[in-house]
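Examination of the molecular architecture
What follows is each chain in one-letter form.
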Amino acid sequence: MGVSETSQSAQSGETAPQDSGGIVTPLLEPSEGIPPVVQTAEALNQVVAAFAAGTGPVAVDAERASGYRYGQRAYLVQLRREGAGTTLIDPIGCPDLSALDSALADAEMVLHAANQDLPCLAELGLVPRRLFDTELAGRLLGHPRVGLGSMIENVLGYSLEKGHSAADWSTRPLPEEWLRYAALDVELLVELREALHAELTDTGKLEWAAEEFEAILAAPPKPPRAEPWRRTSGIHRVRNRRGLAVVRAVWEARDRIARDRDLSPGRVLPDAAIVELALTVPHTLADLQAMPALRTRNARRHLSVWLRAVSKARALPESEYPEQGQGGDGPPPAHRWAERDPEAAKRLTATRAVIAALADEHHMPTENLLQPDAVRRLAWSPPDEISAEALSAVLLALGARSWQIGLASVPLAKALQRLESKGDL
């Protein structure tokens, strides 16, 4: 259904064309109403047949229960396609979407911020072969706000209710207002794709976007972090290795409980409490009971577990304490470069200036023109020969796309050559 038709269904005749002079129309109801939630194999078979018979791109979205449940599994999947309408699928009742995946093998799937949803969709067997990411398209085009609601409003002239994005989608049954919100999330996603596709074409950025979408699909799954406990919020406050041993032991104990109870780790014990345990290193249950950070119900429920974890860490020999810093194969934090390698710090300043200027010229965020990690690694370990060809090879090895290399390699080479010629390096 087109944009005007959708608005007519939702708003009894009101329309908000793109040249409406800033008029925004609230989109309050899905054009065909809220569809029933698909929870059985029989109902899913009907969806598969309907979407196989549909035409054009397929809008896809997924709702998780981040902050409530362990992991990032999907608890609702929404799809919409011309000729098939909108469907809402419950992955608890229908955990295998491979038949739907086969039916849509030749279709382009349209997602907003695809990296967030692709892993949980893959767990269900739904894997796009062709992708259009409306958020990434918005970034490449320089849209100042790229959230779905903002882009629907600024590009198409409709406002969406966004009040349930952080809801506990593992709730059953799902409230009607949540289902309405979920259906509206895919209501205009294909129309947004069409408008952004036209804008990408007009600005000469369509091939850039195509490369970015292909890179998303080709990226391998992220490997598990070697030391995920180091991501504890506030860990920078822990300035000794014994404290880090406490963070590690308590984090691991919390993770086991969270996994067993299917709860978000933060609901079992907040990160702030882990840091406080590492800073105070309590010795008794009374010490734990006196800590304000451990006064939530779930935290107090496992006081003996936290005490055992702290005691285990305290009993380790110093040789088994974690090292300070995260290690890894990348360069050190940029704020330390001036002290550790002044020449690298100068290169980083120069390369960042080049990327910022190019990003401004092409109206996009600097991180989309070239990933910051690639900029840092190039500045820290440049090739022996500073030339556009040598830098192109380095950038390619760092995962840059050909359009990024084409834009950046020559200006980066000139900037680094200027540093060399001035005798600064």
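In short, a report on the structure.

Here is what the cut-offs are and how they apply
- Residues numbered from 1 in each chain as written.
- Predicted model: local features only at pLDDT ≥ 70, side-chain atom pairs only at ≥ 80, totals over all residues.
- Heavy atoms only, no water.
- Helix = DSSP H or I, 4+ residues; strand = E, 2+ residues; numbered from the N terminus.
- Contact = heavy atoms within 4.5 Å.
- Areas by Shrake-Rupley, 256 points an atom, 1.4 Å probe, with all protein chains shown as cover.
- Disulfide = S-S within 2.5 Å.
- Pairing = 2+ DSSP bridges.
- Axes fitted to C-alpha atoms, helices over the stretch in contact; angles between N-to-C directions.
- Buried < 20%, exposed > 50% of the residue type's maximum accessible area, 1.4 Å probe, protein only.
- Salt bridge = Lys/Arg side-chain N within 4 Å of Asp/Glu carboxyl O.
- Parallel < 35°, antiparallel > 145°, perpendicular 65-115°, else oblique.
- Left-handed = near helix turned anticlockwise from the far one by under 90°.
- Phe/Tyr/Trp six-rings, centres within 6.5 Å; stacked < 30°, edge-to-face > 60°.
- Lys NZ or Arg CZ within 6 Å of the ring centre and 35° of its normal.

**Focus: the overall build of the protein**
Helix and strand counts for the protein stand at 21 helices and eight strands. Dimensions of the protein, computed from the C-alpha atoms along their principal axes, are close to 70 × 65 × 40 Å. Sequence separation of 24 or more characterises 66% of the internal contacts of the protein that already satisfy a separation of 6 or more. Entry remark: accessible area of the protein is about 20,900 Å², with carbon and sulfur atoms responsible for 50%.

**Some words on the state of the cysteines**
Across all of its chains, the model carries zero disulfides by this definition. Not part of a disulfide, Cys94 finds its nearest cysteine sulfur in Cys120, a span of 15 Å.

**Description of the sheet that holds strand β2 (residues 37–38)**
Strand order in this open sheet of six strands is β2-β5-β4-β3-β6-β7, and the pairing throughout is mixed. The open sheet has two edge strands with one neighbour each: β2 and β7 (130–133). Of the pairings in the sheet, the one linking strand β6 (residues 108–111) to β7 comprises four bridges and is parallel in character. Residue pairing across strands places Met109 opposite Leu131, the latter belonging to β7. Along the sheet, helix α2 (residues 41–53) makes contact with β2, β3 (55–64), β4 (74–82) and β5 (85–89), crossing β5 at roughly 145°. Where helix α4 (residues 114–123) meets the sheet, it contacts β3, β4, β6 and β7, and its direction lies at approximately 85° from that of β3.

**Considering the side chain of Asp101**
Within the fold, Asp101 resides in helix α3 (residues 98–103). Those residues within four positions of Asp101 in sequence are excluded, and the remaining contacts are Gly125, Leu126, Val127 and Arg129.

**Details of the pairing of β3**
With eight of 10 residues buried, β3 is to be regarded as a mostly interior element. Direction of pairing for β3 relative to β4: antiparallel, over a ladder of eight bridges. Within β4, the residue paired with Glu63 across the bridge is Leu76. In this sheet, β6 lies alongside β3 in parallel orientation, the contact comprising two bridges.

**Brief notes about unusual backbone geometry**
With an omega of -5°, the peptide bond running from Arg172 to Pro173 counts as cis. The backbone phi angle of Ala113 is positive, close to 60°, even though this residue is not glycine. Looking at the secondary structure, you find Ala113 in the loop between β6 and α4. Even without glycine at this site, Asp262 takes up a positive phi of about 50°. Position of Asp262 relative to the elements: it lies in the loop between α10 (241–261) and α11 (265–268).

**Quick look at the pattern of salt bridges**
Scanning all chains against the criterion turns up 20 salt bridges. Linking Glu32 and Arg80 is a salt bridge whose minimum nitrogen-to-oxygen distance equals 2.9 Å. Within this pair, whereas Glu32 is found in the loop between β1 (25–26) and β2, its partner Arg80 is found in strand β4, the two being separated by 48 residues in sequence. Relative accessible area serves as the criterion here: at 47%, Glu32 is assigned to the partly exposed category. Among the salt bridges present, the one from Glu227 reaches Arg230, with a minimum N-O distance of 2.6 Å.

**Details of the packing of helix α20 (residues 388–397) against helix α21 (residues 402–421)**
The interhelical angle for the contact between α20 and α21, taken along N-to-C directions, is 125°, at an axis separation of 8 Å. Comparing their axes, α21 and α20 come out oblique. At the point where α20 passes α21, the crossing takes the right-handed sense. Across the interface between the two elements, Ala388, Leu391, Ser392, Leu395 and Leu396 from α20 touch Ile405, Ser409, Val410, Leu412, Ala413 and Leu416 from α21.

**Description of the packing of aromatic side chains**
A complete count under the given rule lists five aromatic pairs for this structure. Taken together, a centroid distance of 5.0 Å and an interplanar angle of 55° make the contact between Phe132 and Phe213 tilted. One end of the pair, Phe132, is in strand β7; the other, Phe213, is in helix α9 (residues 206–218), and 81 residues separate them in sequence. Owing to a relative accessible area of 2%, Phe132 belongs among the buried residues under this scheme. Note on Phe213: relative accessible area 6%, which makes it buried. Grouping aromatic residues by their ring pairs yields a cluster made of Trp169, Trp178 and Tyr181. Across from the ring centre of Tyr75, 4.7 Å away, lies the NZ or CZ of Arg73, which sits over that ring.

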